[in-house]
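Residue-level structural notes
Chain residues, written in single-letter form:
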Amino acid sequence: MTKLFYQALTFVAVAGALTLAAQGQTNSGQDNAMGPGSSEGHMAKLSPADQKFVKEAAQGGLAEVELGQLAVQKASSDAVKNFGQRMVDDHSKANDKLKELASEKGINLPKSPSVMQKATKERLSKLSGDQFDKAYMSDMLKDHKKDVAAFRTESSTGQDSDVKNFATQTLPTLREHLKAAESIAPKSTQAANSSLKPSPSQP
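Each value, and the rule that gives it
- Residues numbered from 1 in each chain as written.
- Predicted model: local features only at pLDDT ≥ 70, side-chain atom pairs only at ≥ 80, totals over all residues.
- Heavy atoms only, no water.
- Helix = DSSP H or I, 4+ residues; strand = E, 2+ residues; numbered from the N terminus.
- Buried < 20%, exposed > 50% of the residue type's maximum accessible area, 1.4 Å probe, protein only.
- Areas by Shrake-Rupley, 256 points an atom, 1.4 Å probe, with all protein chains shown as cover.
- Core = buried A, V, L, I, M, F, W, Y, C linked by side-chain atoms within 4.5 Å.
- Salt bridge = Lys/Arg side-chain N within 4 Å of Asp/Glu carboxyl O.
- pLDDT = per-residue confidence, 0-100.
- Contact = heavy atoms within 4.5 Å.
- 1 Å grid on protein atoms, 1.4 Å probe; cavity = no way out; pocket = protein on both sides within 12 Å on 5 of 7 lines; lining within 4 Å.
- Points joined across faces, edges and corners; volume = space filled by probe spheres on them.
- Nonpolar A, V, L, I, M, F, W, Y, C, P; charged D, E, K, R; others polar.

Focus: the overall build of the chain
- Scanning the chain from N- to C-terminus turns up 7 helices and 0 strands.
- When the 203 residues of the chain are sorted by exposure, 34% land in the buried category.
- Taken as a whole, the chain presents about 12,600 Å² of accessible surface, with 55% of it coming from carbon and sulfur.

Some details on the nonpolar core
- Among the nonpolar cores identified, the biggest contains 35 residues, and Phe53, Phe83, Tyr136, Met137, Met140 and Phe151 are the most heavily contacted of them.
- Counting only elements with at least two residues in this core, the list comes to helix 3 (48–74), helix 4 (78–105), helix 6 (129–157) and helix 7 (161–195).

Quick notes on the pattern of salt bridges
- Under the counting rule described, the total for this entry stands at 8 salt bridges.
- Across the salt bridge formed by Asp90 and Arg86, the nearest N and O atoms sit 3.1 Å from each other. A residue pair is termed a helical-turn pair when its members lie 3 or 4 positions apart in one helix, as Asp90 and Arg86 do in helix 4 at 4 residues.
- When its relative accessible area of 30% is taken as the criterion, Arg86 is described as partly exposed.
- Here Lys142 and Asp139 are joined by a salt bridge, their closest N and O atoms 3.7 Å apart. Of the two residues, Lys142 and Asp139 both sit in helix 6, 3 residues apart, roughly one turn of that helix.
- In this structure Lys142 comes out as partly exposed when scored by relative accessible area, which is 47%.
- Because the salt bridges share partners, they merge into one network encompassing Arg86, Asp90 and Glu176.

Notes on the confidence of the model for the chain
- With 69% of its residues at a pLDDT of at least 70, the chain reaches an overall mean of 80.
- By mean pLDDT, helix 2 (residues 39–43) is the weakest element of the chain at 43, and helix 5 (residues 115–125) is the strongest at 97.
- Predicted confidence is poor over residues 24–44, with pLDDT under 50, and the contacts of this stretch with residues over four places away or in other chains come to 22 contacts.
- Across residues 192–203, confidence stays below pLDDT 50; counting only partners more than four residues off in sequence or on other chains, it has 4 contacts.

Comments concerning the layout of surface pockets
- Of the pockets and cavities examined, the largest pocket occupies roughly 830 Å³.
- Here the lining of the largest pocket is composed, by residue class, of 12 nonpolar, 14 polar and 10 charged.
- The calculated volume of the second largest pocket comes to roughly 180 Å³.
- In this structure, the second largest pocket is lined by Asp90, His91, Lys93, Ala94, Lys97, Phe166, Gln169, Thr170, Thr173, Leu174 and His177.
- Of all elements in the fold, only helix 4 and helix 7 reach the threshold of two or more residues within the lining of the second largest pocket.
- When residues of the lining of the second largest pocket are assigned to their parent elements, the largest contribution, 6 residues, is made by helix 7.
- Split by residue class, the lining of the second largest pocket holds 3 nonpolar, 5 polar and 3 charged.

Okay, structure coming up:
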């Protein structure tokens, strides 16, 4: 009887351990399904406005980098070239931070600029010299005015704390970009206008 009793106890213990192991695997699977990279786990937490901001910020950042690279190649003014390089550097850093944030929130970011932004790049790529400088800086003025407004709104009204913090931390850099664009744009405009005037040696 004693031997049978201990065998029965052993069987019960093994069965209990197997049951707990099975439950652990099930719970682990559920945890993985709703982990940090889960779209269902985090997309539901982001408001439509926050989702829209993140995706538009991603597209805008990609566009700024591509246009900045174009400026480095095609601009005739050193000031415009330097501004373009700053766009590449600063927006690349912001883009990396946004990618990390999107990964944590389970958001799939756009991998290319918008159709309108692509059209802007196409238009600028056909220009050169002072004409490019003037058109590029004009676009940078408009873009950064919109960017500052969008990031300011998100930093004030964003519902997700992480997205809101990203907007708040990036906003000062965008304001610096806008200030730089405002100081450079008139110079490139004046240069473009002066290039159209005849030189004193001409009749």
